[in-house]
Amino acid sequence: MRRAIRGAVLFLIPALSLAQARPTPTPGHHDRKPDEVFRRQELSRGVHVLYGGGGNVGFLVGPDAVLVVDSQVRPLGPGVVKQIQGVTDKPIKYLLNTHHHGDHTGGNDAFRQFAVIIAHDNVRKRMREAPQTILREWPAELEEAKKKGDAESVAYIEDAIAWAKKIKIEEIAAPVITFESEVRIHIGDETIAIWHTPPAHTDGDSVVYFEKANVLHMGDLFFYKVIPFIDVKAGGSARGYIDAIDKVIARVPPDVKIIPGHGEVTDLAGLKTFRQYVADILDAARKAKVAGKSKEEFLKTVDLPAYKTWDGYGERFQESAAAAWDEAS
Ligand SMILES: [Zn+2]
């Protein structure tokens, strides 16, 4: 997450998380060239990570094709393509989406002419439902933002509503190949497995594993040193995070390199600190329930000092605490 980029708002404000490939304005951005937001690192055997304004992008340069994982916020989509083309002249043939959120799929538009877009069934469904969802749910959010005097959110929501009113469903760059459980793609001698996990961040989460390179892209199933956003409205679940992470850990070697959806590349130990956060917030909610506290009392007093330095230990922390409360028993 880079503060200067507005697209991060897509997961900073949960109600906005359903925003898809829409013409996002990028105020606060005028003083920077779009390419300056990118930072790239090669991890192993042609697998790279590309950091930018929204969710982290991963890509593999194979002998005859490039495969990309996630596409950033819409304004950065063309920049992602340009960054990859700066590394290789091999054709970009595949784009995988780890889930439907706009900070991971907004740039799909920049890929659709040449790449096959692949994701879980629910990613396509939720992307294509986005206009109705926005028109149904966001006017209330707009009123709320106006009441708070939050000019930035007001502009953002108004823009999304305008987009939802005029977009035609076929103009949404949704995945064209979808799967229920998992798919493997073969490029050169590398096998890329993309598999769906139990609902955690959303009900369409997948992780992508580059077998030979031993690199795992986890999408927003993993926020490293960042408080997670649990999109309950899109089928997400705090307990689901634990289930999904445990299933992933059981399937990859202990020395795997991990690209989180947000935050720096890390390893299994990094993932375990994140799992601990989810376990701790669920445990705090359970203890508060046992102590007879109300949800309001819990949210007022909940504090997990170990995670204070994590990005989002404020509003997003409160939201994840609320999600944990609703599920704790
Ligand atoms: Zn997300």
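Just above sits the structure.
Residue numbers run consecutively from 1 along every chain, following the written order of its sequence. Given that this is a predicted model, residues contribute local features only at a pLDDT of at least 70 and side-chain atom pairs are listed and counted only at 80 or more, while totals for whole chains, interfaces and linings are drawn from all residues. The side-chain quantities take in all heavy atoms of the structure and omit both hydrogens and water.

Caption draft 1: Quick look at the overall build of the protein chain. Each helix and strand counted, the protein chain has nine helices and 12 strands in total. Buried, partly exposed and exposed residues are distinguished by accessible area as a fraction of the type maximum, computed with a 1.4 Å probe on protein chains only: under 20%, between the cut-offs, and over 50%, respectively. When the 329 residues of the protein chain are sorted by exposure, 57% land in the buried category. Helix numbers and strand numbers start at the N terminus; a helix is a DSSP run of H or I with at least 4 residues, a strand a run of E with at least 2.

Caption draft 2: Quick look at the packing of aromatic side chains. Put simply, two rings from Phe, Tyr or Trp (the six-membered ring, in Trp's case) pair if the centres are within 6.5 Å, and we call them stacked under 30 degrees between planes, edge-to-face over 60, tilted for the rest. Tallied over the entire structure, the rule returns 11 aromatic pairs. Where Phe 222 meets Phe 274, the ring centres are 5.6 Å apart and the plane angle is 45 degrees; that geometry is what we call tilted. Here the residue Phe 222 occupies a position in the loop between strand S11 (215-217) and helix H6 (238-251), and Phe 274 occupies one in helix H7 (residues 268-290), the gap between them amounting to 52 residues. Each member of the pair, Phe 222 as well as Phe 274, is classed as buried. Grouped by ring-pair contacts, the aromatic residues Phe 222, Phe 223, Tyr 224, Tyr 241 and Phe 274 constitute a single cluster. Above the ring of Trp 195, the side-chain terminus of Arg 251 is found at 3.8 Å from the ring centroid. Geometrically, a charge over a ring is one whose NZ (Lys) or CZ (Arg) sits within 6 Å of the ring centre while staying within 35 degrees of the ring normal. Against the face of Trp 325 rests Lys 289, its NZ or CZ located 5.0 Å from the ring centre.

Caption draft 3: Fine view of the packing of H7 against helix H9 (residues 315-327). Fitting a line to C-alpha atoms yields each axis, with helices limited to the stretch in contact; the angle taken between N-to-C directions then spans 0 to 180 degrees. Running from amino to carboxyl end, H7 crosses H9 at an angle of 60 degrees, the nearest separation of the two axes being 8 Å. As the angle between them shows, H7 and H9 are arranged oblique. Here the hand of the crossing between H7 and H9 comes out right-handed. Facing Tyr 277, Ile 281, Leu 282, Ala 285, Ala 288 and Lys 289 of H7, the residues of H9 in contact are Phe 317, Ser 320, Ala 321, Ala 324, Trp 325 and Asp 326. Any angle that falls under 35 degrees is termed roughly parallel, while one over 145 is termed roughly antiparallel, one within 65 to 115 roughly perpendicular, and all others oblique. The hand of a helix crossing depends on one turn: near helix anticlockwise from the far one by less than a right angle means left-handed, and clockwise means right-handed. Two residues qualify as a contact provided that any one of their heavy atoms is within 4.5 Å of a heavy atom in the partner residue.

Caption draft 4: Structural context of the coordination of the zinc ion. Only N, O and S atoms count as donors, using a 2.8 Å limit from the metal and a wider 3.2 Å limit for Na, K and Ca, and since water is excluded some coordination spheres may look unfilled. Within the protein, His 99 (NE2), His 101 (ND1), His 201 (NE2) and Asp 220 (OD) serve as the donor atoms for the zinc ion, at 2.1 to 2.2 Å. Coordination at the zinc ion is irregular: its four donor atoms span angles of 85 to 170 degrees at the metal. Each donor residue of the zinc ion lies on one chain, and together they are spaced H-x1-H-x99-H-x18-D. Of this pair, His 99 sits in the loop between strand S5 (92-96) and helix H3 (102-105) while Asp 220 sits in the loop between S11 and H6, and the two are 121 residues apart along the sequence. Just to be clear on the cut-offs, tetrahedral is four donors with all angles between 85 and 135 degrees, square planar is four donors and octahedral six with opposite donors over 155 degrees apart and all others between 65 and 115, and anything else goes down as irregular.

Caption draft 5: The arrangement of the side chain of Thr 133 in detail. Turning to its location among the elements, Thr 133 is positioned in helix H4 (residues 121-148). Residue Thr 133 is classed as buried on the basis of its relative accessible area, which comes to 8%.

Caption draft 6: Fine view of the environment of Phe 179. By secondary structure assignment, the location of Phe 179 is in strand S7 (residues 177-179). Note: C-alpha distance between Phe 179 and Asp 121 (58 residues apart in sequence) is 5.5 Å. When neighbours within four sequence positions are excluded, Phe 179 is seen to be in contact with Ile 118, Ala 119, His 120, Asp 121, Ile 194, His 196 and Ser 206.

Caption draft 7: The pattern of salt bridges, seen in detail. Definition used for salt bridges: Asp or Glu carboxyl oxygen within 4 Å of a side-chain nitrogen of Lys or Arg. Applying the stated rule across the entire model yields 18 salt bridges. Residues Arg 126 and Asp 203 are paired through a salt bridge, measuring 2.8 Å at the closest nitrogen-oxygen approach. Here Arg 126 is found in helix H4, whereas its partner Asp 203 is found in the loop between strand S9 (190-196) and strand S10 (206-210), with 77 residues between them in sequence. Each of the two residues, Arg 126 as well as Asp 203, counts as buried. Here Asp 283 ties to Arg 286 by a salt bridge, and the two come within 2.7 Å at their closest N and O atoms. Here Asp 283 and its partner Arg 286 are both found in helix H7, three residues apart, which amounts to about one turn of the helix. Here Asp 283 falls in the partly exposed class, since its relative accessible area comes to 26%. You can call Arg 286 partly exposed: its relative accessible area is 33%. When salt bridges that share partners are traced, they join Arg 136, Glu 137, Glu 141 and Lys 233 into one network.

Caption draft 8: Structural detail: the nonpolar core. By nonpolar core we mean a set of buried residues, namely Ala, Val, Leu, Ile, Met, Phe, Trp, Tyr and Cys, connected to one another through side-chain atoms within 4.5 Å. Leu 216, Met 218, Leu 221, Tyr 241, Tyr 277 and Phe 298 are the most contacted members of the largest nonpolar core, which has 48 residues in total. Listed by contribution, the elements that provide at least two residues to this core are S9, S10, H6, H7, helix H8 (295-301) and H9. Considering every element that reaches this core, the biggest residue donor is H7, with 10 residues. If we skip the residues at most four places from it in the chain, Leu 216 touches Trp 195, Val 207, Val 208, Tyr 209, Val 248, Val 252, Val 256, Lys 257, Ile 258 and Ile 259.

The quantities given are spatial measurements derived from coordinates; they are silent on function.
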